[in-house]
Structures are given as C-alpha cells and as structure tokens.
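# Geometric and topological summary
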Amino acid sequence: MAFVYRPTLTRYLSDGTRVKEKSKVWRLRWFDKSGVRHEASGYKDKGASRVLLAQKEKEQSLSDAGFATPEQRQIGKATLEEHIADYIEAQRADGRGRRHIKEVDGALKKMRETNGWHRLVDITPASVNRFLGTLKGKFGKEKAGPKTRNNNRQWIRGFVRWCLRTGRMLQDPLASIRPEDPRGDIRVERRALSSEEANRLIEKTEQCEGDGFERAVIWSVALEAGLRVGEIRELRWADFLDGAEPVLILRGTTTKNGKTEHQPIREVLAERLRRLGALRPGAPLASIFQRKFFWKLPKLLRADLAQAKISSKDDQGRRVDVHALRHTYITALARGGAPLAIVQRLARHSSPVLTARVYVHLGLADKRQALSVLDQGAATTQAVARPA
C-alpha cells in the first residue's frame, strides 16, 4: 500500500495564536516487504508527487530484492548533520510541538559536536554515555540528574529508530542502552499546599491591584484542574467549554503525552474564567492568559505566596513552586477519597505508581484520619457479636 497525503502543520501568528493548516507540499508514504513504513517529501503538485511515489515504490522493490537503490547509495554519503536535519523536518511534518522540536534539535546537535560525530556509524553506546556524563544541571553548577539524562537518551534513541524505519541504518547501535531509575536522586522536593493555604493564596492574589485577578485565575487552573505550566500557557478561549458540566480541552500539541484530553473542572473555576473573559474578552483562538506572565511565573508566585504569608520553602527544604500547585491538586483528590485509578486519569499520568509515589503528599494527620476506618470496623464487629 502506498499513498500521498498533505500533513497538518501548526503556524504561529504574531500574537502567539496557533493556527493549523494543511501543508502545501505533499508527503509520500509506502511500505517495504516487512511492513516497515517509509516516507519522503513530494511536490506541491499532487500528480507530480504520485509519479515520484511510483518511482519510490520501484526502488523499494529493488531494495526488497537485495539491490541497493540510488537513494540508499546517496544516504551512505550523507553527513550526520544532514540526517539530523531530515529527522527534524520529519518531526515538523508529523505535527510535533515547537518546544519539543527545539529541545530535540538542540540535544542532537550538542551530542554531535561534543562527540565529534560525522557519520551514522560514529553513534555508539560508549560515546552516548560519555556525553551523558558531561551534562550539567539547570544552572551549570552540578551534574545533571537522571531525569535529564533519560530525556537525552530518549531523544537520541528516537533519532536512531527513525533512521531504522527510513532505511538509513540496518541495525540499532543503541539497543543495549537502558534508562536510569530517577527515584534515588530527587533534585527538587515539593510540598502540597493545605486547602486553607490554597484558598488564602487565591484570595490574597485576587486583592492585588493590576493583573492580580488574572494571576489568581492562573493559580486556580493549576490548583483546581492540575494543569502543567505549558498547558496553561497554551489555553485558548475555544478550549473552555462552558455549560452545566464545564470542561477544559487540552490539545495534543500542548500535553506532555501528545494526546488530546478533556479535563472536567468545578463551577468555581469556570466562574473565574467567565469573569476573566468579561474583563478581557478575546477571539476563540486567542490565548486565555497574557504571555507576559509566563516569562517570570516563578517570581510572580513567590511574590503572591509572600503576600499570602505562605513560606515558599519549609523547614524540611520542601518547596512550593508552580508545579507544586499541580501536586496540591492531586493530593487534594487523594485526601478526598477519590480512587487511585481516577486520580491517575485526572492527573493524566501513565501509571498509578507515578501518581502515588511522586505526586500524592499525605502526612501523619492523613494517616491518623484513616484509622477511623478501623473504629468503624470494630463497631460493626461488636454489633454482629452482640447476643440477641
């Protein structure tokens, strides 16, 4: 099976709004005898693209029969820099987010320059591990943590897998590389706010002059819906489905797992969004929140925490940052008695283990409250054992 298609691309307007549109250039897709998918760029003309696809199919038939195609001979001459450029272009054609593409492109170029890679054959497990050992932390003062190293492993593995799919490599040179377990090296330990602290933060921020109310809505979206910073930044008015059961749509281009999600929200958050819309109305494709906040969001949160007399760091060294507001949302669900499977779905985690181990912060008071279940069980047992 082979066909031509026009992928959907994302374009950014001057105000930061995302607009999706069909590519002007057709893409070719065909499969070899093993069922492996192959892709290439065509032309703006559909007929010319189909002619090129027929040529690709003929070359693929020769390749399946054991003959080297002109394209394969050309690939062997290409530099690693050219392969990476083709991979980044394929990522754009697949509709991957701008931030993801920027991170992957930067990491691959840094690996190539650090290791002195020139050809695909230069990529080896030893050189990848050597590069990972040189990575620095966020501020360059210490070595990078396991999570950062795992991200870089994932990016180079993704590039290699793409090379295998497109016939640029015959075998995986990084098959022996495995991710690290990040549990033993937590760089930032966060704490969840209590319900009283969360309410006080929103209340005091709303009372601030100027943009105080809009900042309060940003904190509310994190506390009441558990959204990540990037997801909040990319929210548009069209993503807010108002009604009897209000919902926020999280588009796949903005979520961490690349999937579109419908996040239910409470009426109190929906009402704040309505008020914000009345104060600063915008078109359906306009961003709900002004971009200026997100350049200095951590600093703004620290100022609002101080205004609410909430310490951003407790005596155990645990911090309250913007992501800790998401922790607060998930912890509140667990404290409220929501089943772990439901908490995982609302948190949009891949595993309930991640939800329970990292994001749910239950203290001694929560454990003591759970003991009331034993009192109820004892009372039931006594009632059953009491003679008639």
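Note: the structure precedes this text.
Reference entry: report on the structure contained in this document.

This brings us to unusual backbone geometry. The phi angle at Lys-309 is positive, at roughly 55°, despite the residue not being glycine. Considering the arrangement of structural elements, one finds Lys-309 in the loop between helix H11 (297-307) and helix H12 (322-335). Even without being glycine, Arg-348 reaches a positive phi, approximately 60°. Mapped onto the fold, Arg-348 is located in the loop between helix H13 (340-347) and helix H14 (352-359). Judged by relative accessible area, which is 10%, Arg-348 ranks as buried.

Below, the discussion takes up the environment of Leu-248. Residue placement: Leu-248 occurs in strand S7 (residues 247-250). For Leu-248, a relative accessible area of 0% gives the class buried. Separated by 14 residues in the primary sequence, Leu-248 and His-262 place their C-alpha atoms 5.9 Å from one another. Leaving out residues up to four positions away in the same chain, Leu-248 has contacts with Val-221, Ala-225, Leu-227, Leu-235, Asp-239, Phe-240, Glu-261, His-262, Gln-263, Ile-265 and Leu-273.

The next subject is the sheet that holds strand S6 (residues 240-241). Ordered by their spatial adjacency, three strands build an open sheet running S6-S7-S8, and the pairing between neighbours is antiparallel. A single partner strand is all that each edge strand has here, and the edge strands are S6 and strand S8 (261-264). Bridging between S7 and S8 involves four bridges; their strand directions are antiparallel. Bridging from a neighbouring strand, Leu-248 pairs with Gln-263 of S8.

Turning to the nonpolar core, a few remarks are in order. Nonpolar side chains in soluble globular proteins tend to be buried together. Formed by 40 residues in total, the largest nonpolar core has its most connected members in Leu-201, Trp-219, Val-221, Leu-248, Leu-273 and Phe-289. Among the elements of the structure, helix H7 (195-206), helix H8 (212-225), S7, helix H10 (267-279), H11 and H12 are those that each provide at least two residues to this core.

Strand order in the open sheet made by the three strands is S1-S4-S5, with antiparallel pairing throughout. Two strands lie at the open edges of the sheet, namely strand S1 (2-5) and strand S5 (37-41), each paired on one side alone. Within this sheet the neighbouring strands show an average axis-to-axis angle of 20°, counted without direction. As judged from the five bridges shared by strand S4 (residues 27-31) and S5, these two strands associate in the antiparallel manner. Paired with Phe-31 across the strands is Arg-37, a residue of S5.

Right, let's talk about the packing of aromatic side chains for a bit. This model, assessed by the stated rule, comprises four aromatic pairs. Centroid distance Tyr-87 to Trp-162: 5.3 Å. Interplanar angle 55°. Geometry classified as tilted. Here Tyr-87 is found in helix H3 (residues 80-93), whereas its partner Trp-162 is found in helix H6 (residues 146-165), with 75 residues between them in sequence. You'll find Tyr-87 and Trp-162 in the same group, each marked buried. Judged by centre distance (6.3 Å) and plane angle (25°), the ring pair of Phe-159 and Trp-162 falls under stacked. One end of the pair is Phe-159 and the other is Trp-162, both in helix H6 and three residues apart, which spans about a single turn.

What counts and how
- Residues numbered from 1 in each chain as written.
- Predicted model: local features only at pLDDT ≥ 70, side-chain atom pairs only at ≥ 80, totals over all residues.
- Heavy atoms only, no water.
- Helix = DSSP H or I, 4+ residues; strand = E, 2+ residues; numbered from the N terminus.
- Buried < 20%, exposed > 50% of the residue type's maximum accessible area, 1.4 Å probe, protein only.
- Contact = heavy atoms within 4.5 Å.
- Pairing = 2+ DSSP bridges.
- Core = buried A, V, L, I, M, F, W, Y, C linked by side-chain atoms within 4.5 Å.
- Axes fitted to C-alpha atoms, helices over the stretch in contact; angles between N-to-C directions.
- Phe/Tyr/Trp six-rings, centres within 6.5 Å; stacked < 30°, edge-to-face > 60°.

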